[in-house]
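Chains, contacts and geometry: an overview
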Amino acid sequence: MGKILGIDLGTTNSLAAVWQEGESCLIPNSFGEYLTPSVVSFEADDTVYVGKTAKERLVSHPAQSFSVFKRFMGTDQRYEVNGKQYRPEELSAFVLRRLKEDAERYLGELIEEAVISVPAYFNDKARKATKDAGKLAGLKVERIINEPSAAALACRGLDEENDETFLVFDFGGGTLDVSLVDCFDNIIEIIAVSGDNHLGGSDFDKEIAVQFCREHELEFEHISSQRQRIILESASRAKCGLSEEKEVVMKVTDGEFEGQMEMSNKKLIEISMPLFERISVPVKRVLHDGKKNMLDISKVILVGGSCKMPSVQQYLRHMLGEYSLTVMNPDHMVALGVGTYAGIKERREDIKDLLLTDICPFSLGTGIFNAGNAKRTLMSTIIERNSVLPCSHRAHFQTASDYQKYVVIDVYQGEEYYADNNIHLGEVKVGVPLAPKGKETVTVDYTYDINGILIVDVEVDSTGEKKRQVITTGTDNMSSEEIKKRVEQLEKMKLSPADQEENQMLFAWGERLYAQTTGALKNEIGERLNFFQQLLHVEQNPYKVKKWKSGIEEFLRKAENYLDDSGIDWNPADIDSWYEEGDQDDERQEEDRRWYDGHLTH
Ligand code: AMP
């Protein structure tokens, strides 16, 4: 069996891991980093950038660059660029392709299969879309695993001795998942999960950005999308800065516009109070559903980038009492767990006895006649949320009108009272003999497994007629023919070559700084970019590229610091010094310099 890749396809960043030599190992990307930003950016010629380079292009090429698409998996959200439309799963497929290629390069073997983690609260459509993303990236995805369950697996690996019950609080860029986990011997049992898949770090970024606009008499919703992104980017930096410092100054430079705002953790809490309040909802619900209280819990494990926020930790302490909060590699936990799960799936000797039992994170049911309002059916739950998977439940229904010809079992997922407020997954229609209402009955079985495949069996009790429907797809999901067609189209699009990624990232970084600056600094950045572009595409001399790269990088870093450290007049000579400090005796450098100067004047 070939290696199975464990993938944490995150809202903000994605990571890959494999089971190797008795442990889960993270795979570095071509920058030698574990985190690949989940950002995709397109060039007019259909070159696709993924990761760090694409993230830089979010500011300089906002119309061609996309992030946070994971939030819309399985919805009808579409992204338009270069006259083509992309689904969220297609954008995710580019990220998966990049991770697959990085892993193949790192491991020196082809990867054909992956396990991908998804937020526990992902509905069926989003799960199906995630599997489709895998297929579009050329990966077989037999298993998906809930992110908090993956985190629990990784925690178990770190703490093998204790049999205990703990909470995993997984707070990422776009989602919050809270799980109640029980560990006993080799069994890791997820008892209950709850969450909010529209609450994450980017909501704090938005609150800070909106506050910044308020203080600068701007209306966030009415400024250009480029300026929105610059402010959001800066807000995110300020938020992350507050994990290190008590107070930070958020600075925004966009062309002629310059502004700053003081931020503190206290102010962050004040402006984001509604977000903090939303955090407590799934925590209370998971304890209630799992029939536990905090006294049964031995620890709370914090996972996900947003758990690094001191204000979040402070709020949890405030809410849960002085509980032991365990923060372990919040960025890596899910990926390490998926890597472990990949090992279990490979049936590796060293973990084959480890058993993870998971649960159904939402209720599944059908709509039934509402005597009070015939127009709106009521939800009748067949599989309750938090049922252990795989599970099968049976229910009986009778006809609601005299002499009705059919019984329609509408399949819904969710917790809402009215059926139509839940997600409609499909329907099964069976004919019944004509009879007064209540005389004809049907037996309905729902069987649901860990991969989100729901089998609905309906039997008419009087005639024995049976109908089965396997619901793996919602109406918005792609059919297998569609996937096949898109795979061919997407394969024609080239991912930017990994061995040139560093150069592309430098260029994208420069482009972003160019977009953010004005005057002399802008011109200087432009000239350096021209020079670098010529080195890359006209000269194509790898020796020179390598040599000048570090200089350009240094230059951009200084320009970035200047932006962060505004208030002094820009003096190009400051930044210029980087190449004058070099080894003047080096003839080649002189030669390069002349070449460079020559190109600047043309
Ligand atoms: P994840 O989805 O787990 O990768 O989490 C990403 C989120 O964590 C983003 O919203 C980041 O802004 C946020 N994040 C990452 N590092 C920090 C930090 N040091 N302080 C506060 N938030 C952070």
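Because the structure is predicted, anything quoted here is derived from the model rather than measured. (Residues numbered from 1 in each chain as written. Predicted model: local features only at pLDDT ≥ 70, side-chain atom pairs only at ≥ 80, totals over all residues. Heavy atoms only, no water.)

1. Here's the deal with the layout of surface pockets
The test is simple: Buriedness of a pocket was judged along seven lines, with at least five required to meet protein on both sides within 12 Å; pockets are open sets of points on a 1 Å grid over the protein atoms alone, cavities are sets where a 1.4 Å probe fits but cannot get out, and lining residues have an atom within 4 Å of a point. Grid points are joined across faces, edges and corners, and a volume is the space filled by probe spheres set on the points. By the criteria applied, helices consist of DSSP H or I runs no shorter than four residues and strands consist of E runs no shorter than two, each listed in order from the N terminus. Throughout, the ten residues Ala, Val, Leu, Ile, Met, Phe, Trp, Tyr, Cys and Pro are labelled nonpolar, Asp, Glu, Lys and Arg are labelled charged, and all others, Gly among them, are labelled polar.
A volume near 660 Å³ is recorded for the second largest pocket. At the level of secondary structure, the elements contributing two or more residues to the lining of the second largest pocket comprise helix H1 (52–60), helix H12 (501–516), helix H13 (519–539) and helix H14 (542–564). Of the residues forming the lining of the second largest pocket, the biggest block, seven residues, is contributed by H12. Considered class by class, the residues forming the lining of the second largest pocket number nine nonpolar, ten polar and nine charged.

2. Here's the deal with the domain arrangement of the protein chain
Definition in use: Boundary definitions for the domains trace back to an automatic or database domain assignment. Residue contacts are defined here by distance: any two heavy atoms, one from each residue, within 4.5 Å place the two residues in contact. Once two parts are brought into contact, the accessible area they lose, counted with a 1.4 Å probe and summed over both, makes up the buried area. Pairs of N or O atoms within 3.5 Å make up the polar contacts considered here, provided that, within protein, one atom can donate a hydrogen while the other can accept it, and that residues adjacent in sequence are counted only when both atoms are side-chain atoms.
Here the protein chain is described as being made up of domain 1 (1–158 + 332–348), domain 2 (201–273), domain 3 (364–491), domain 4 (501–564) and domain 5 (569–597). The gap between the C-alpha centroids of domain 2 and domain 4 is 27 Å. Between domain 2 and domain 4, the contact holds eight residues from the first and six residues from the second. Regarding the contact of domain 2 and domain 4, the summed buried area is about 660 Å², with carbon and sulfur atoms giving 40% of it. Remark: the boundary between domain 2 and domain 4 carries zero residue pairs in polar contact (both at pLDDT 80 or more). Put simply, the parts of the chain that give the side of domain 2 that touches domain 4 at least two residues each are helix H6 (225–241) and strand E15 (247–254).

3. Looking at the site of the ligand
For clarity, the cut-off: Near is defined per residue: the residue qualifies when any heavy atom it owns lies within 4 Å of the molecule or strand. The Shrake-Rupley method, run with a 1.4 Å probe sphere, supplies the accessible areas, and residue values consider only the shown protein chains as cover.
Lining the immediate environment of the ligand, one finds 15 residues, of which Gly173, Lys239, Ser243, Gly305 and Ser306 sit closest. Lys239 places a polar side-chain atom, nitrogen or oxygen, 2.7 Å from an oxygen atom of the ligand. Between the ligand and Ser243, the relevant distance is 2.6 Å, taken from a nitrogen atom to a side-chain nitrogen or oxygen of the residue. In isolation the ligand exposes 500 Å². Once the protein is present, 84% of that is buried. Counting residues per element, the ones that place at least two in the shell around the ligand are helix H5 (201–215) and H6.

4. A few points about the sheet that holds strand E14 (residues 187–196)
Our working definition: Two strands form a pair only when DSSP identifies at least two bridges running between them. For helices, the fitted axis covers only the stretch in contact; all axes are lines through C-alpha atoms, and the angles between them, taken along N-to-C directions, range from 0 to 180 degrees.
Read across the sheet, six strands follow the order E18-E17-E12-E13-E14-E19 without closing on themselves; strand pairing throughout is mixed. Every other strand in the sheet has two partners, leaving strand E18 (325–327) and strand E19 (355–357) as the edge strands with one partner each. Within the sheet, the average angular offset between the axes of one strand and its neighbour, ignoring direction, is 25 degrees. Bridge count for E14 against E19 is three bridges, and the pairing is parallel. If you follow Ile187 over to E19, its bridge partner there is Leu355. Taken strand by strand, helix H9 (residues 310–320) contacts strand E12 (164–171), strand E17 (299–303) and E18, and its axis lies near 155 degrees from that of E18.

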